[in-house]
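Each chain, letter by letter, is given below.
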2 protein chains.
Amino acid sequence: MKVQNTQVQMRKGILEFCILHIISRGEVYATDVIGELTEARIVIVEGTLYPLLTRLRKAGLLDYKWVESSSGPPRKYYKLTASGARFLEKLNQTWSELVESTQMVIQKDKNAPMA
Amino acid sequence: MKVQNTQVQMRKGILEFCILHIISRGEVYATDVIGELTEARIVIVEGTLYPLLTRLRKAGLLDYKWVESSSGPPRKYYKLTASGARFLEKLNQTWSELVESTQMVIQKDKNAPMA
DNA sequence: ACAGGTACCTTGTAATGCAAGGTAATATTG
DNA sequence: CAATATTACCTTGCATTACAAGGTACCTGT
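An account of the accompanying structure is given in this report. All values reported here derive from a predicted model rather than from experimental measurement.

1. Details of the pairing of strand E1 (residues 62-69) of chain A
All names here are of chain A. Two strands pair when backbone bridges link them, and E1 and strand E2 (residues 72-80) are joined in this way by 7 bridges, in the antiparallel orientation. Counterpart to serine 69 in the pairing with E2 is glycine 72. Here E1 folds back onto E2, and the loop between the two strands holds 2 residues.

Written out as structure tokens, the structure is:
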């Protein structure tokens, strides 16, 4: 059993949350997204990102437009739809609760009188 | 697309981490584990827990012994093996890094001069 | 025209939480 | 004692998503 396996499982769901956040801050294209994630030390590959973006678009959470690039092929710029923004709010809460719950479990022995 | 789906995905990997933590604090049987998770507002079902415990045991991270119960059928008490404890240390780090990375992404607009 | 760089895309696989159904041991009740 | 209730453990199939690997397409520079 490999730690990497568990890490991959931990990332599931979290990537969607992070990506929606990045896009909520302004229109970006895929390579921007990968760059921002990498900056935060979340390294993902295109084979993960593109199907994810496609899922979100098909679910109506994202919209996109083509923009010509001055240094290569055209780029697809994504933005959140209104329902995408609402969805992200809910994920904010979901994430906060999960982190809080996990902290409760892993910190329990360090706060003995908590019962 | 449902928030619940994303929540389920977010839980993947994290449950394994939490369960190893609970067991690291002393021998417990399955219903204890469910109780502690529920207390932390992580509600899981047996169909999740038993295959997970089986996987961890098969991977050599857990051992168990049967203990007669005074109020029902016998119980299977689990404990961490030495490699289980080492594995959990690594997961501690993995989780911390993931939380930190996620915070970096979702807090970026709130710390504008961070670039 | 060709090569290189950049951007987007797809498919199959591995892994795990959930849902649903089940077996088995022990205690309690009639 | 037999039947029922409670408790504990187990299994299987499904849905979902990150990864790995391979691919197409557009633009720029030589």
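2. What about the side chain of serine 101 of chain B?
Tracing the sequence through the fold places serine 101 of chain B in helix H5 (residues 82-106). Not counting chain neighbours up to four residues away, the residues in contact with serine 101 of chain B comprise Ala40, Arg41 and Ile42 of chain A.

3. A few points about the interface of chain B and chain A
Across the contact, 43 residues belong to chain B and 43 residues belong to chain A. The contact between chain B and chain A buries some 4,000 Å² in all, and 73% of this surface belongs to carbon and sulfur atoms. Interface area lost by chain B to chain A is led by Met1, Met10 and Val105 of chain B, which between them contribute 18%. Where chain B touches chain A, the interface holds 6 salt bridges. The partner of arginine 41 of chain A in a salt bridge is glutamate 100 of chain B, and the shortest N-O contact between them spans 3.7 Å. In this assembly, chain B and chain A are joined by 10 residue pairs in polar contact (both at pLDDT 80 or more). Looking at the side of chain B that touches chain A, the elements with two or more residues in it are helix H1 (3-11), helix H2 (14-24), helix H3 (30-39), helix H4 (46-58) and H5 of chain B. Here the side of chain B that touches chain A gets 14 residues from one element, more than from any other, and that element is H5 of chain B. Class assignment for the residues of the side of chain B that touches chain A results in 21 nonpolar, 9 polar and 13 charged.

Rules of the game
- Residues numbered from 1 in each chain as written.
- Chains lettered and ligands numbered in written order.
- Predicted model: local features only at pLDDT ≥ 70, side-chain atom pairs only at ≥ 80, totals over all residues.
- Heavy atoms only, no water.
- Pairing = 2+ DSSP bridges.
- Helix = DSSP H or I, 4+ residues; strand = E, 2+ residues; numbered from the N terminus.
- Contact = heavy atoms within 4.5 Å.
- Buried area = accessible area lost by both parts, 1.4 Å probe.
- Salt bridge = Lys/Arg side-chain N within 4 Å of Asp/Glu carboxyl O.
- Polar contact = N/O pair within 3.5 Å; in protein donor to acceptor, adjacent residues only side chain to side chain.
- Nonpolar A, V, L, I, M, F, W, Y, C, P; charged D, E, K, R; others polar.

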